[in-house]
Amino acid sequence: MNKRTIKVGILGCGIVGSEVARLIESDKSDLSARSGATLEVVAIGVRDSAKVRAGVSPKLLTDDLDSIVTHPEIEIVIEVMGGIDPARALIMKALAAKKSVVTANKALLALHGAEIFAAAKSNGVDLYYEAAVAGAIPIVRPLRESVVGDSVQRVMGIVNGTTNYILTKMDEDGASYEAVLKEAQRLGYAEADPTADVGGADAAAKIAILASLAFHTSVTIDDVFTEGITSLSSRDIEIARAINHVIKLLAIGEVTEKGEVSVRVHPTLIPRSHPLAAVRNAFNAVFVEAKSAGELMFYGRGAGGAPTASAVLGDLVAIARHLSFGGLGGRESDYADLPIAKMDSVMTRYLIRLDVADRPGVLASVAQTFAKHAVSIQTVRQSGRGEDAELVIMTHSALDGHLAATVADIASLDAVKSVESVLRVEGVESSSDS
Ligand code: NAP
């Protein structure tokens with residue numbers, strides 16, 4: 001029996017798009033055997049159609065992206081151009097024309113996911129986006145399909161390779177943030193403008209997507225409390241090490257005791273024994289806690305042309321199977337519609353580092369300030385003497401709002417010269433913290 005041919009259009013031919021186009025051509029017979037159809041790329045949209053792209057036929061390139069999403073024979077559109085506009089309008093047009101869509105665009109989905117998911121549903125087509133979160137790592141499909149019968153309580157991940165590379169080098173080599181960032185830029189692990197990575201926005205977009213799936217609630221990037229790694233110092237890393245912890249930029253989504261969804265990205269101390277502590281360099285990992293499944297961990301390469309293309313091709317084959325044999329993929333649901341928690345109502349632990357003058361009564365006044373705001377201290381360490389002493393305080397779980405009020409009061413104490421850092425702590429409270 002002759003297999004049908006499914007025509008595919010690609011928007012974008014950069015790091016990911018060019019790899020996707022090359023792999024569809026080089027792996028044609030395997031992809032055909034697995035999907036039940038011959039996949040044929042008929043057009044690739046770019047800005048500069050005269051630019052040579054290795055392994056990609058120049059005849060496929062066009063700067064008329066509209067002609068791809070309205071092409072009468074194209075059944076699947078792969079969007080790997082990035083950005084909000086015109087990607088959003090092009091995807092909406094493709095869906096309206098009853099084409100299924102694969103996208104790797106986390107920024108777009110974290111902002112306009114609800115609108116795009118609704119358009120895919122009302123047009124009866126597939127929308128897949130495995131590559132939008134954590135590159136090659138299967139995490140969207142597991143949350144959307146595999147654990148959909150369970151109750152996910154928490155999703156916690158290292159979902160940005162650039163910052164994980166920087167933090168790994170700071171931890172292992174004792175280097176400063178600035179020095180490691182420069183090295184990361186030289187090696188291609190960080191972009192010339194690293195703001196979206198080091199400021200936390202990239203991770204925030206990804207946790208918005210994961211939290212929406214995990215908690216059946218529409219979460220956007222604007223709901224995510226976001227703090228990057230730019231103000232971390234070598235001293236913070238050194239102190240974490242001294243108490244057997246490591247600092248990671250964690251993206252966390254969880255259902256709170258009040259039944260609200262808390263979504264946040266911030267540098268976080270975790271015990272060295274925690275599975276996420278072993279995720280080094282540019283690798284990503286996502287840790288999922290579900291009521292019946294317990295703890296699950298997904299680990300792998302979070303970026304790069306080939307790893308990201310792997311996820312895109314998985315989506316492409318899934319959709320091609322549906323077109324060949326019938327059916328549609330699982331859909332997102334937002335039926336739970338849980339409220340988003342305000343950051344000040346989130347419970348976590350903290351490590352606070354103060355620069356103080358070593359005078360009688362300093363410790364007592366600091367301890368009283370914590371007590372006044374109902375923040376309980378787990379351990380206190382003091383180092384240095386005279387005018388150059390340092391206090392490092394680890395708290396028990398406390399409300400973020402109470403901690404913020406404590407820190408504001410402490411900063412105004414006479415003996416406190418400066419609040420050097422306030423870092424959140426996750427993972428089991430254990431005696432190794434003290
Ligand atoms: P990229 O290398 O910058 O490539 C973007 C491509 O889209 C280029 O071919 C560019 O054309 C084309 N393009 C962009 N805006 C356009 C416009 N307005 N009109 C026409 N063509 C346009 O980007 P990438 O790294 O491949 O990333 C693509 C997507 O994948 C993004 O959403 C990104 O977040 C996501 N992603 C990337 C990675 C990764 O490791 N790179 C990992 C996961 C997800 P020209 O070549 O002519 O400029």
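Everything numeric in this text was worked out from a predicted model, so none of it was measured.

Along its length, the protein carries 14 helices and 17 strands. Here the C-alpha atoms of the protein give a radius of gyration of 24 Å, agreeing with the 22 Å that 2.2 N^0.38 yields for 434 residues. When each of the 434 residues of the protein is scored for burial, the buried share is 52%. Across the protein, contacts joining residues at least 24 apart in sequence account for 74% of those joining residues at least 6 apart. Just so you have it, the protein exposes about 18400 Å², and 52% of that area is on carbon and sulfur atoms. If the 43 positive side-chain charges of the protein are averaged to one point and the 54 negative ones to another, these points end up 4 Å apart.

The figure often quoted for interface size is the accessible area lost as the parts come together. Taken domain by domain, the protein holds domain 1 (4–135 + 305–325), domain 2 (140–300) and domain 3 (344–433). Taking the mean C-alpha position of each, domain 1 and domain 2 sit 28 Å from one another. Contacts between the two partners involve 16 residues from domain 1, matched on the other side by 18 residues from domain 2. Summed over both sides, the interface between domain 1 and domain 2 buries roughly 1300 Å², with carbon and sulfur atoms accounting for 63% of that surface.

Strand residues, when the strand is regular, have side chains that alternate between the two faces of the sheet. Direction of pairing for strand β10 (residues 261–271) relative to strand β17 (residues 416–425): parallel, over a ladder of 2 bridges. Note that in β17 the partner of Leu 269 across the bridge is Val 425. Pairing of strand β13 (residues 347–356) with β17 involves 8 bridges; the strand directions are antiparallel. Looking across to β17, one finds that Ile 352 is bridged to Val 422.

Here the structure, examined in full by the defined rule, presents 1 cavity of 30 Å³ or more. Of the pockets and cavities examined, the largest cavity occupies roughly 40 Å³. If you trace the largest cavity, you find it lined by Phe 117, Ala 120, Asp 126, Leu 127, Tyr 128, Arg 144, Gly 329, Gly 330, Arg 331 and Glu 332. Breaking the lining of the largest cavity down by element, the ones donating at least two residues are α5 (106–122) and β6 (127–128). Residues belonging to the lining of the largest cavity are distributed by class as follows: 4 nonpolar, 2 polar and 4 charged.

Across the sheet, which stays open at both edges, the 6 strands sit in the order β3-β2-β1-β4-β5-β6 with parallel pairing between neighbours. Whereas interior strands pair on both sides, the edge strands pair on one side only; in this sheet they are β3 (61–62) and β6. As defined by bridge partners, strand β5 (residues 100–103) adjoins β6 across 2 bridges and the pair is classed as parallel. The residue of β6 that forms the bridge with Val 102 is Tyr 128. Sheet strands in contact with helix α12 (residues 305–325) are β1 (4–11), β2 (37–45), β4 (74–79), β5 and β6, and its direction is about 160° off that of β4.

With that out of the way, let us pick up the site of the ligand. Near the ligand, the surroundings consist of 22 residues, among which Cys 13, Val 16, Asp 48, Arg 53 and Gly 304 are the closest. Between Arg 53 and the ligand, the recorded distance is 2.7 Å, taken from a side-chain N or O atom to an oxygen atom. The contact in question runs from an oxygen atom of the ligand to an N or O atom on the side chain of Lys 106, over 3.3 Å. Calculation on the ligand without its partners gives an accessible area of 900 Å², and the protein chains cover 77% of this total.

The rules behind each value
Residues numbered from 1 in each chain as written. Predicted model: local features only at pLDDT ≥ 70, side-chain atom pairs only at ≥ 80, totals over all residues. Heavy atoms only, no water. Helix = DSSP H or I, 4+ residues; strand = E, 2+ residues; numbered from the N terminus. Rg over C-alpha atoms; globule rule 2.2 N^0.38 Å. Buried < 20%, exposed > 50% of the residue type's maximum accessible area, 1.4 Å probe, protein only. Contact = heavy atoms within 4.5 Å. Areas by Shrake-Rupley, 256 points an atom, 1.4 Å probe, with all protein chains shown as cover. Lys, Arg positive; Asp, Glu negative; His and termini not counted. Charge placed at Lys NZ, Arg CZ, Asp CG, Glu CD. Domains from an automatic or database assignment. Buried area = accessible area lost by both parts, 1.4 Å probe. Pairing = 2+ DSSP bridges. 1 Å grid on protein atoms, 1.4 Å probe; cavity = no way out; pocket = protein on both sides within 12 Å on 5 of 7 lines; lining within 4 Å. Points joined across faces, edges and corners; volume = space filled by probe spheres on them. Nonpolar A, V, L, I, M, F, W, Y, C, P; charged D, E, K, R; others polar. Axes fitted to C-alpha atoms, helices over the stretch in contact; angles between N-to-C directions. Near = heavy atom within 4 Å. Polar contact = N/O pair within 3.5 Å; in protein donor to acceptor, adjacent residues only side chain to side chain.

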